[in-house]
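Take a look at the letters that make up each chain.
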Amino acid sequence: MKFLCQYAILLLSNVGFAANLIDGEILYKESCIRCHGSDIHKEIALEDIVQLKVGIQLCVNALYLPWNQTDINDTAGYLDSQYFHFDKTLKANGKN
Ligand code: HEC
């Protein structure tokens, strides 16, 4: 049992290395889409993924959402793969 728990913790902590685009999509749809929708990349001018993360943080703070850095990274990854395309290695929608 102890071994199983340690294995689960190891698996979970490894997920943090890359943005989890599925989680990002869920988070965005849950908390952001009512204001931003699918035109977010046309409404706001951002130049890179760092600015995107800072911008997300601004809204997260303004809305008092209990998000951690992983939530912000995942949502940035999702928004980038869907709309902004700063990171050319993200090919979630196959259009990059
Ligand atoms: C209550 C409405 C509302 C919600 C909900 C909301 N935002 Fe925003 N967001 C805004 C407004 C208004 C702006 C400013 C738009 C502008 O600069 O033209 C903004 C700006 C931004 C920006 C750009 C900031 C910048 O630096 O210019 C990003 C990125 C962003 N929001 C992401 C998010 C994300 C991710 C969420 C979900 C956690 C979210 N927003 C939720 C209203 C909202």
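In what follows, the structure referred to is the one given above.
So, here's what we can say about the structure. Computed from a predicted structure; not experimentally measured.

### Some points on the overall build of the protein chain
Consideration 1: Counting its regular elements, the protein chain contains six helices and zero strands.
Consideration 2: Going from N to C terminus, the protein chain has its helices and strands arranged as α-α-α-α-α-α.
Consideration 3: Within the protein chain, the proportion of its 96 residues that are buried is 15%.
Consideration 4: Partitioning the contacts of the protein chain with sequence separation of at least 6, the portion at a separation of at least 24 is 65%.

### Regarding the nonpolar core
Consideration 1: Counting residues in each nonpolar core, the largest one holds seven residues, listed as Ala19, Leu52, Ile56, Ile72, Ala76, Tyr78 and Leu79.
Consideration 2: Contributions of two or more residues to this core are made by helix 5 (49-62) and helix 6 (69-84).
Consideration 3: Among the elements that make up this core, the one with the highest residue count is helix 6 (four residues).
Consideration 4: When neighbours within four sequence positions are excluded, Ile72 is seen to be in contact with Lys53, Ile56, Gln57, Val60 and Trp67.

### A few points about the site of the ligand
Consideration 1: If you check the shell around the ligand, you find 17 residues, and the closest are Cys32, Cys35, Gly55, Ile56 and Cys59.
Consideration 2: Those elements that provide at least two residues to the shell around the ligand are helix 2 (21-31), helix 3 (33-36) and helix 5.
Consideration 3: Per-element accounting of the shell around the ligand gives the leading share, six residues, to helix 5.
Consideration 4: Its residues assigned to classes, the shell around the ligand shows 11 nonpolar, four polar and two charged.

### What about unusual backbone geometry?
Consideration 1: Positive phi values are uncommon outside glycine, yet Tyr64 reaches one of about 55°.
Consideration 2: Mapped onto the secondary structure, Tyr64 falls in the loop between helix 5 and helix 6.
Consideration 3: A positive phi is found at His85, a non-glycine position, where the angle reads about 60°.
Consideration 4: With respect to the secondary-structure elements, His85 resides in the segment after helix 6.

### Details of the packing of helix 2 against helix 6
Consideration 1: Interhelical geometry of helix 2 versus helix 6 gives an angle of 95° and a closest axis separation of 7 Å. As judged from the angle between their axes, helix 2 and helix 6 are roughly perpendicular. Contacts between helix 2 and helix 6 pair Leu21, Asp23, Gly24, Glu25, Leu27 and Tyr28 from the former with Asp71, Asp74, Thr75, Gly77, Tyr78, Leu79 and Ser81 from the latter.
Consideration 2: Its residues placed into classes, the contact of helix 2 with helix 6 shows five nonpolar, four polar and four charged.

### Regarding helix 6
Because an α-helix completes one turn every 3.6 residues, residues spaced three or four positions apart along the sequence face the same direction.
Consideration 1: Counted at 1.5 Å a residue, the expected span for helix 6 with its 16 residues is 22 Å, but the 20 Å between its end C-alpha atoms falls short.
Consideration 2: Among the residues of helix 6, those classed as buried are Ile72, Asp74, Thr75, Ala76, Gly77, Tyr78, Leu79, Asp80 and Ser81.
Consideration 3: Considering only its buried residues, helix 6 is in contact with helix 2, helix 4 (40-43) and helix 5.
Consideration 4: At the C-terminal side of helix 6, His85 shows a positive phi close to 60°.

Analysis parameters
- Every chain's residues receive numbers from 1 upward, in the order its sequence appears when written.
- At least 70 in pLDDT is required for a residue's local features to be given in this predicted model, at least 80 for side-chain atom pairs to be given and counted, and no such filter applies to totals for whole chains, interfaces and linings, which use all residues.
- Numbering of helices and strands starts at the N terminus; helices are DSSP runs of H or I of at least 4 residues and strands are runs of E of at least 2.
- Three exposure classes are used, all based on how many other C-beta atoms lie within 10 Å of a residue's own C-beta (placed from the backbone): buried at 20 or more, exposed at 12 or fewer, and partly exposed between those limits.
- Note that contacts rest on C-beta atoms placed from the backbone: two residues are in contact if these are within 7 Å.
- Only buried residues count toward a nonpolar core: Ala, Val, Leu, Ile, Met, Phe, Trp, Tyr and Cys, linked into one set through C-beta atoms within 7 Å.
- Each residue receives a C-beta atom placed from its backbone. It is near a molecule or strand if this atom lies within 6 Å of it.
- By the convention adopted, Pro, Cys, Tyr, Trp, Phe, Met, Ile, Leu, Val and Ala count as nonpolar, Lys, Arg, Asp and Glu as charged, and the other residues, Gly among them, as polar.
- Helix axes are fitted only over the stretch in contact, all axes being lines through C-alpha atoms; the angle between N-to-C directions runs from 0 to 180 degrees.
- Roughly parallel means an angle under 35 degrees; roughly antiparallel, over 145; roughly perpendicular, 65 to 115; everything else is oblique.
- By this rule, a helix spans an expected 1.5 Å times one less than how many residues it contains.

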